[in-house]
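Inside the fold
Here is how the chains run, residue by residue.
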Amino acid sequence: MTTHIKIYHNPACGTSRNTLALIQNTGLEPEVIEYLKNPPSQAELVNMIADAGLTVREAIRSNVEPYANLHLEEPHWSDDALLHFMLQYPILINRPFVITEKGTRLCRPSEVVLDILPLPQLGAFSKEDGEQIIDEHGQRVSG
């Protein structure tokens, strides 16, 4: 079985690191795209947002400097304008987006990735903050 997983990753983000580690806990190594260095094309970004079932506003990060400086909270901004800013300032793209053959998700919280992974978890997993997500049998711990 050929399995291709793509993660739009920011190594400085704990949620992104946890998501990557959950993917790797299946034994698979995803294609890692550091989106701040290699942002998606406009078509890729539009597709990711749509495939994840999100609006453009739901996919934009509001707690970063460009958001406030550009007054992106103003309701008059169109989706096309917001997409333009996300491509111009990739820090505005919320992360991590993960794409598998089972779907696309914005993995916030990181365990959302479990819904689209094609293989089971191989062992126990805890997030960086110590919260256990997967038990020693590879099963999801109910919250």
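Going by the structure above, here's the rest.
Below or above, wherever it landed, is the structure these notes cover. (Residues numbered from 1 in each chain as written. Predicted model: local features only at pLDDT ≥ 70, side-chain atom pairs only at ≥ 80, totals over all residues. Heavy atoms only, no water.)

**Quick word on the overall build of the protein chain**
- Along the backbone of the protein chain there are 4 helices and 6 strands.
- Start at the N end of the protein chain and walk to the C end: the helices and strands fall as β-α-β-α-α-α-β-β-β-β.
- Expected size for 143 residues packed as a compact globule is a radius of gyration near 15 Å; at 16 Å, the protein chain falls within 12% of this value.
- Out of the 143 residues belonging to the protein chain, those deemed buried represent 46%. (Helix = DSSP H or I, 4+ residues; strand = E, 2+ residues; numbered from the N terminus. Rg over C-alpha atoms; globule rule 2.2 N^0.38 Å. Buried < 20%, exposed > 50% of the residue type's maximum accessible area, 1.4 Å probe, protein only.)

**Brief notes about the side chain of D135**
- Assignment of secondary structure puts D135 in the segment after strand 6 (132-134).
- Apart from residues lying up to four places away in sequence, D135 is in contact with G123, A124 and V141. (Contact = heavy atoms within 4.5 Å.)

**Some words on the nonpolar core**
- Grouped together as the largest cluster of nonpolar side chains are 21 residues, with contacts concentrated most on L45, I49, I60, L72, M86, L92 and F97.
- For this core, the secondary-structure elements that each account for two or more residues are helix 2 (42-51) and helix 4 (79-88).
- Of all the elements, helix 4 adds the most residues to this core, at 4 residues.
- Residue contacts for L72: discarding those within four places in its chain leaves R57, I60, P66, Y67, W77, L82, F85 and L92.
- Core analysis: the next-biggest nonpolar cluster, separate from the first, contains 16 residues, L22, L28, V112 and L114 among them. (Core = buried A, V, L, I, M, F, W, Y, C linked by side-chain atoms within 4.5 Å.)

**What about the sheet that holds strand 2 (residues 31-34)?**
- On the basis of which strands lie adjacent, the open sheet formed by 4 strands has the order 2-1-3-4 and mixed pairing. Two strands in the sheet have a free side with no partner beyond their single neighbour: strand 2 and strand 4 (103-106). Across the sheet, the axes of successive neighbouring strands diverge by a mean angle of 15°, strand direction being ignored.
- With 4 bridges connecting them, strand 3 (residues 97-100) and strand 4 associate as antiparallel partners. Note on strand 4: the bridge partner recorded for T100 is G103.
- Along the sheet, helix 1 (residues 14-24) contacts strand 1 (6-9), strand 2 and strand 3; its crossing angle with strand 1, the most-contacted strand, is approximately 160°.
- Its contacts with the sheet place helix 2 against strand 1, strand 3 and strand 4, and it is angled at close to 80° to strand 3. (Pairing = 2+ DSSP bridges. Axes fitted to C-alpha atoms, helices over the stretch in contact; angles between N-to-C directions.)

**Examining the packing of helix 2 against helix 4**
- The geometry of helix 2 relative to helix 4 is characterised by a closest axis approach of 10 Å and an angle of 115° between their N-to-C directions. With respect to the hand of their crossing, helix 2 and helix 4 are arranged in right-handed fashion. Between helix 2 and helix 4, the residues in contact are Q42, L45, V46 and I49 and L83, M86 and L87, respectively.
- Considering only residue class, the contact of helix 2 with helix 4 consists of 6 nonpolar, 1 polar and no charged. (Left-handed = near helix turned anticlockwise from the far one by under 90°. Nonpolar A, V, L, I, M, F, W, Y, C, P; charged D, E, K, R; others polar.)

**Focus on helix 4**
- Restricting attention to buried positions, one finds in helix 4 the residues A81, L82, L83, F85 and M86.
- If you follow the buried residues of helix 4, they end up packed against helix 2.

**Section: the packing of aromatic side chains**
- Under the counting rule described, the total for this entry stands at 1 aromatic pair.
- Ring centres of W77 and F85 lie 5.0 Å apart, and the angle between their planes is 90°; this geometry places the pair in the edge-to-face category. (Phe/Tyr/Trp six-rings, centres within 6.5 Å; stacked < 30°, edge-to-face > 60°.)

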